[in-house]
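One letter stands for each residue in the lines below.
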Amino acid sequence: MEVILKGECFPGNALLKIGLSYNEGRPKDRLYVDMLLEAGARYGFPVEPVWLAGKGQVFAPDSLDSLAGVVLTGGADVDPKRYGFPDPHGLCRFANPQRDAVEFPLAEAVLERGLPVLAICRGMQMLNVACGGTLLPDLPDHDWDDDSERHSVALTAGSFLADRIAGRSAGAVSSSHHQAVDRPGSGLRVVGTSPDGIVEAIEWSAPEKKPWLVAVQWHPERMALDEPLAGTIYAAFLREAAS
């Protein structure tokens, strides 16, 4: 079992340029930057976070050339048209088609280049749809909006996330979402669920010759690095980016 433990450091002098997929200009977007910097300092990797697109910033494919990895960040709902849901009742009330138009090609380019990917919340949902999967458009009474609140997650024994990253089959996480993965996309499988059966993590079903991927519904950037389902994820991602 290959698990990164708290406080373990990895030597290296190269600056890791990590791309962040889309900046919506929310205060919480800054947390992705802060956690990368904090994790880089904790685990011995100099990190330079770089926003790849956002309000007033157009994605340039050649911006991927110098990257060591990419974080697909959280935010707006995926346009339901992307997965064939007509949404007559307006359940996807926070959709951002402009972001989708940028981020779907971005994700496809990242996967094609084989860059390590950490997908968080919307990032996981968007990745699942990009791979041909679908979403549950609305989860009534399922908004966790307090970053201090935790709920349990069960991880699939034998999965990459449970065995190689977290080193455990369960843990507590912070989530804030009203949508979730429904049918996994091509090549993906569910490896984490909350007590009510909501999908909390997906990964490649056959990872050979696929880029490194961890995709979680929860928000490790809003947790502390010493929490098992936060720090281990960032440490593993940065180690893979540095390899």
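Attention here is on the structure that accompanies the text. (Residues numbered from 1 in each chain as written. Predicted model: local features only at pLDDT ≥ 70, side-chain atom pairs only at ≥ 80, totals over all residues. Heavy atoms only, no water.)

1. Considering the overall build of the protein chain
A tally of helices and strands in the protein chain yields five helices and 11 strands. A globule of 243 residues ought to have a C-alpha radius of gyration of about 18 Å, and the protein chain, at 17 Å, matches this closely. Considering only C-alpha atoms, the protein chain reaches an extent of 55 × 40 × 35 Å along its principal axes. Within the protein chain, the fraction of its 243 residues that count as buried is 53%. Put simply, 73% of the contacts in the protein chain that link residues at least 6 apart link residues at least 24 apart. Carbon and sulfur atoms form 53% of the exposed surface of the protein chain, whose accessible area is close to 10,300 Å². (Helix = DSSP H or I, 4+ residues; strand = E, 2+ residues; numbered from the N terminus. Rg over C-alpha atoms; globule rule 2.2 N^0.38 Å. Buried < 20%, exposed > 50% of the residue type's maximum accessible area, 1.4 Å probe, protein only. Contact = heavy atoms within 4.5 Å. Areas by Shrake-Rupley, 256 points an atom, 1.4 Å probe, with all protein chains shown as cover.)

2. Here we look at the packing of aromatic side chains
The final tally for this structure, using the stated rule, is two aromatic pairs. The interplanar angle of 85 degrees and the centroid separation of 6.0 Å between the aromatic rings of phenylalanine 160 and tryptophan 212 together place this pair among those described as edge-to-face. Pair noted here: phenylalanine 160 is in helix α4 (residues 160-166) and tryptophan 212 is in the loop between β10 (199-204) and β11 (213-216), with a separation of 52 residues, a long-range link. Given the relative accessible area of 26%, phenylalanine 160 is considered partly exposed. (Phe/Tyr/Trp six-rings, centres within 6.5 Å; stacked < 30°, edge-to-face > 60°.)

3. Let's talk about the pairing of strand β9 (residues 188-193)
The sheet contact formed by strand β6 (residues 151-155) and β9 spans two bridges and is antiparallel. Bridge pairing links alanine 154 to threonine 193 in β9. One ladder, built from five bridges, connects β9 with β10; its direction is antiparallel. Pairing of valine 190 across the sheet is with isoleucine 202, part of β10. Between β9 and β10, which pair antiparallel in sequence order, lie five residues; one of them, glycine 197, sits at a positive phi of approximately 90 degrees. (Pairing = 2+ DSSP bridges.)

4. Concerning the environment of methionine 223
Within the secondary structure layout, methionine 223 lies in the loop between β11 and α5 (231-242). Accessibility expressed as a relative area gives 5% for methionine 223, which makes it buried. Along the backbone, methionine 223 and methionine 35 are 188 residues apart, and their C-alpha atoms lie at a distance of 9.0 Å. Residues within four places of methionine 223 in sequence aside, it is in contact with Met35, Arg150, Ala172, Val173, Ser174, Trp218, Leu229 and Ala230.

5. Remarks on the pattern of salt bridges
A complete count under the given rule lists 12 salt bridges for this structure. A salt bridge links glutamate 103 to arginine 122; the shortest N-O distance between them is 2.8 Å. With glutamate 103 in helix α2 (residues 97-113) and arginine 122 in helix α3 (residues 122-130), the pair connects residues that are 19 residues apart, well separated along the chain. The exposure class of arginine 122 is buried, given its relative accessible area of 1%. (Salt bridge = Lys/Arg side-chain N within 4 Å of Asp/Glu carboxyl O.)

6. Observations concerning the packing of helix α1 (residues 29-43) against α5
Across the interface, α1 lies against α5 with an axial gap of 10 Å and an inter-helix angle of 75 degrees. Classed by the angle they form, the pair α1 and α5 counts as roughly perpendicular. Listed contacts from α5 to Met35, Leu36, Ala39, Gly40 and Tyr43 of α1 are Gly231, Thr232, Tyr234, Ala235, Phe237 and Leu238. (Axes fitted to C-alpha atoms, helices over the stretch in contact; angles between N-to-C directions. Parallel < 35°, antiparallel > 145°, perpendicular 65-115°, else oblique.)

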